Amino acid sequence: MPGRTWWHGVLCAPLAVPAFVNGYGWVSTTHAVQSFWGAVLVVSLSYYPLVYLPTVAALRRLDPSLEEVGASLGHRPAQIFTRIVLPAISPAVLGGSLLVGLHLLAEYGALQLLNYPTLTTAIMQQYGAAFNGPAATLLAAVLVVFCLVLLGLEVLLRGRRRHSRVGAGANRPAPRIVLGRRRPAVVALLVGTAALSLGVPLLSLTRWLVRGSSTALDLPALTSAATTTVGLAAAGGLLATAAALPVAWLAIRHRGWLTTLVERSTYTTSAMPGIVVALALVTVSIRGVPSLYQTMPVLLVGYAILFLPRALVGVRSTLELAPPVLEDVARSLGCSAAGAGARVTLPLIAPGLAASVALVSLAVSTELTATLLLSPIGTTTLSTQFWSDASSVAYGAAAPYALVLILLSIPATWLLGQVTLGPATSGGTR
């Protein structure tokens, strides 16, 4: 592929465009997307990087000699992929797919703009129109059931195979495949993907900035919202990653039904809309510690609960590849358990931790419902202000906030791209 690194950045870039901004771009361009297949198109273009990024990272760590051994035993390329490559990268593929599925169970902004009804939009209508707690709670329980189904499928497909090993393997990149006559078709596919996922929302934002009758740039308000968004995104990313680390450690280093139950239970909140988690925290804070109601600590706890699965997938996929025998060797040489973890394991999983922080930060910066309910009075983020303007069909006024939100998401997206495109280690850990 010509420009391989550049194309990698382009394929990561949709993470910098929130799903509701993507929906805004498509709806303000054509109403034909307000259907089932339109919703599938928009959310797929918004969330495919959650599968692409961990898959790229896993492929770059795969030892190319394994494929060569398979070829020497007479396996065809299709057999090598299904019997060697796919099982090796399955934790990354399944983890990313699980994230997409759970996130779509709770997706509200994009689907509301696309005018496509789901359980989540129905829950919001129950709370917003009649504040009907029992009906909304019943719908949320159905979402939890769907979440458990997805979790069960992921556990069944992943199995109990271990993916770490000690040998350094062949410390060299995998051989490149010559596309030949297939190159124009592959390039056309990538150009089409980039045009649909990036071109449509960016052109729509530009059009509304230039031609929108409601366009009015309030620079102090925009600056304040941007500063608040950056602070909350950084704090939420660090807190969720710190909470995910012990859970992933228990699930991998101490496998068993109890640790599996603990790990699986963290995913259930990801399938619930932010308003359900937010109202639960409101109830707890008012009845338990009223002084914490509508404070930043409660808001950050809400982010940690909602986005813990994102952090957990990133941490776990990296920790799976860190051989526990290295910690045993370190302890045999006099290191304590904490010292072995800090000096041996932590450097190995550092890219995964950085990716988790970046993933959660992107999610926090685009969160709507929990932010509206839990944030202190007067706190405005780019997402909440964009939603306020877009909901009132003031597309021109919403465009500046969406554009700044995309610009602020670029560093986290770049970090994710660099982590996955780092030096190939051929699958082993030395």
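Residues numbered from 1 in each chain as written. Predicted model: local features only at pLDDT ≥ 70, side-chain atom pairs only at ≥ 80, totals over all residues. Heavy atoms only, no water.

**Quick word on the overall build of the protein**
A count of helices and strands for the protein gives 19 helices and zero strands. Taking 2.2 N^0.38 as the reference for a compact globule, 430 residues should give roughly 22 Å; the C-alpha atoms of the protein span a radius of gyration of 23 Å, in line with that estimate. Structurally, the protein occupies a C-alpha span of about 65 × 60 × 40 Å along its principal axes. Counting contacts in the protein only where the partners sit at least 6 residues apart, residues at least 24 apart contribute 83% of the total. Of the roughly 20100 Å² of accessible surface on the protein, a fraction of 69% belongs to carbon and sulfur atoms. Side-chain charges of the protein comprise 26 positive and 12 negative groups, with the mean position of each set lying 9 Å from the other. (Helix = DSSP H or I, 4+ residues; strand = E, 2+ residues; numbered from the N terminus. Rg over C-alpha atoms; globule rule 2.2 N^0.38 Å. Contact = heavy atoms within 4.5 Å. Areas by Shrake-Rupley, 256 points an atom, 1.4 Å probe, with all protein chains shown as cover. Lys, Arg positive; Asp, Glu negative; His and termini not counted. Charge placed at Lys NZ, Arg CZ, Asp CG, Glu CD.)

**Section: helix α3 (residues 36-47)**
For α3, spanning 12 residues, the distance from its first C-alpha to its last is 16 Å, which sits close to the expected 16 Å at 1.5 Å a residue. Residues of α3 that are buried: Gly-38, Ala-39, Val-42, Val-43, Leu-45, Ser-46 and Tyr-47. For α3, the capping residue at the N-terminal end is Ser-35, with a side-chain oxygen 3.3 Å from the backbone nitrogen of Gly-38. (Expected span 1.5 Å × (residues − 1). Buried < 20%, exposed > 50% of the residue type's maximum accessible area, 1.4 Å probe, protein only. Polar contact = N/O pair within 3.5 Å; in protein donor to acceptor, adjacent residues only side chain to side chain.)

**Observations regarding unusual backbone geometry**
In this structure, Asn-115 is a non-glycine residue whose phi angle is positive, near 60 degrees. Counting through the fold element by element, Asn-115 comes out in the loop between α7 (109-113) and α8 (119-130). Accessibility expressed as a relative area gives 56% for Asn-115, which makes it exposed. Even without being a glycine, Gln-294 presents a positive backbone phi close to 55 degrees. Mapped onto the fold, Gln-294 is located in the loop between α13 (274-288) and α14 (296-319). A relative accessible area of 23% places Gln-294 in the partly exposed class.

**With respect to the nonpolar core**
Ranked by internal contacts, the top residues of the largest apolar core, which has 102 residues, are Val-21, Ile-123, Leu-374, Leu-382, Phe-386 and Leu-416. For this core, the leading source of residues is α14, giving 12 residues. Once residues within four sequence positions are removed from consideration, Ile-123 is found in contact with Ala-136, Leu-139, Ala-140, Leu-143, Pro-273, Ile-275 and Val-276. Ranked by size, the runner-up nonpolar core spans five residues in total, among them Ala-58, Leu-62, Val-85 and Ile-89. (Core = buried A, V, L, I, M, F, W, Y, C linked by side-chain atoms within 4.5 Å.)

**A closer look at the packing of aromatic side chains**
The final tally for this structure, using the stated rule, is seven aromatic pairs. Plain terms: the ring middles of Trp-6 and Trp-7 are 5.0 Å apart, the flat faces sit at 75 degrees to each other, and that makes the pair edge-to-face. The exposure class of Trp-6 is exposed, given its relative accessible area of 58%. For the ring pair Tyr-108 and Trp-387, a centre distance of 5.7 Å and an interplane angle of 55 degrees mean the geometry is tilted. Of this pair, Tyr-108 sits in the loop between α6 (77-105) and α7 while Trp-387 sits in helix α18 (residues 382-391), and the two are 279 residues apart along the sequence. A connected cluster of aromatic rings, assembled from ring pairs, spans Phe-20, Tyr-24 and Phe-386. (Phe/Tyr/Trp six-rings, centres within 6.5 Å; stacked < 30°, edge-to-face > 60°.)

**Concerning a nonpolar patch on the surface**
Together, Val-142, Val-145, Phe-146, Val-149 and Leu-153 make up a nonpolar patch on the protein surface, roughly 410 Å² of accessible area in all. As for its placement among the helices and strands, Val-145 is situated in helix α9 (residues 133-158). (Patch = residues over 30% accessible without salt bridge, like charges linked within 9 Å, V, L, I, M, F, W, Y side chains within 5 Å. Salt bridge = Lys/Arg side-chain N within 4 Å of Asp/Glu carboxyl O.)

**Looking at the environment of Arg-310**
On the secondary structure map, Arg-310 appears in helix α14. As for Arg-310 and Ala-240, which are separated by 70 residues in sequence, their C-alpha atoms are 8.6 Å apart. A distance of 3.3 Å separates the side chain of Arg-310 from the backbone oxygen of Leu-359, its partner in a polar contact.

**Side note on the side chain of Ser-361**
With respect to the element layout, Ser-361 can be found in helix α16 (residues 337-365). Look at Ser-361 and you get buried, because its relative accessible area is 12%. Setting aside its immediate chain neighbours within four residues, Ser-361 contacts Ala-233, Ala-234 and Gly-237.

**Quick look at α14**
Since the α-helix turns once every 3.6 residues, residues separated by three or four places project in the same direction. The sharpest bend along α14 comes to roughly 55 degrees, located at Phe-307, with the proline Pro-309 sitting one to four residues further on. A large share of α14 lies buried, amounting to 19 of its 24 residues. (Bend = angle between axes of the 7 residues up to and from the residue.)

**Let's talk about the side chain of Ser-356**
With respect to the secondary-structure elements, Ser-356 resides in helix α16. Taking relative accessible area as the criterion, Ser-356 reaches 0% and is therefore assigned buried. At 3.1 Å, the side chain of Ser-356 forms a polar contact with the backbone oxygen of Ala-311.

**A closer look at the environment of Leu-119**
Within the secondary structure, Leu-119 sits in helix α8. The spatial distance from the C-alpha of Leu-119 to the C-alpha of Ala-141 is 10 Å, given a sequence separation of 22 residues. Once residues within four sequence positions are removed from consideration, Leu-119 is found in contact with Leu-139, Val-142, Leu-143 and Phe-146.

**Considerations on the packing of helix α4 (residues 49-60) against α6**
Here α4 crosses α6 at 160 degrees, and the two axes come no closer than 8 Å. Considered as vectors, α4 and α6 are oriented roughly antiparallel to each other. For the crossing formed where α4 meets α6, the hand is right-handed. On α6, the residues that touch Leu-50, Val-51, Pro-54, Thr-55, Ala-58 and Leu-59 of α4 are Val-85, Ile-89, Ala-92, Val-93, Gly-96, Ser-97 and Val-100. In terms of residue class, the contact of α4 with α6 is made up of 10 nonpolar, three polar and no charged. (Axes fitted to C-alpha atoms, helices over the stretch in contact; angles between N-to-C directions. Parallel < 35°, antiparallel > 145°, perpendicular 65-115°, else oblique. Left-handed = near helix turned anticlockwise from the far one by under 90°. Nonpolar A, V, L, I, M, F, W, Y, C, P; charged D, E, K, R; others polar.)

**Considering the confidence of the model for the protein**
Across the protein, the average pLDDT comes to 80, with 90% of residues at 70 or higher. Considering each helix and strand of the protein separately, the mean pLDDT is smallest for α8, with a value of 75, and largest for α3, with 91. Of the regions scoring below 50 in pLDDT, residues 424-430 engages in 35 contacts with residues more than four places distant in sequence or in other chains. (pLDDT = per-residue confidence, 0-100.)

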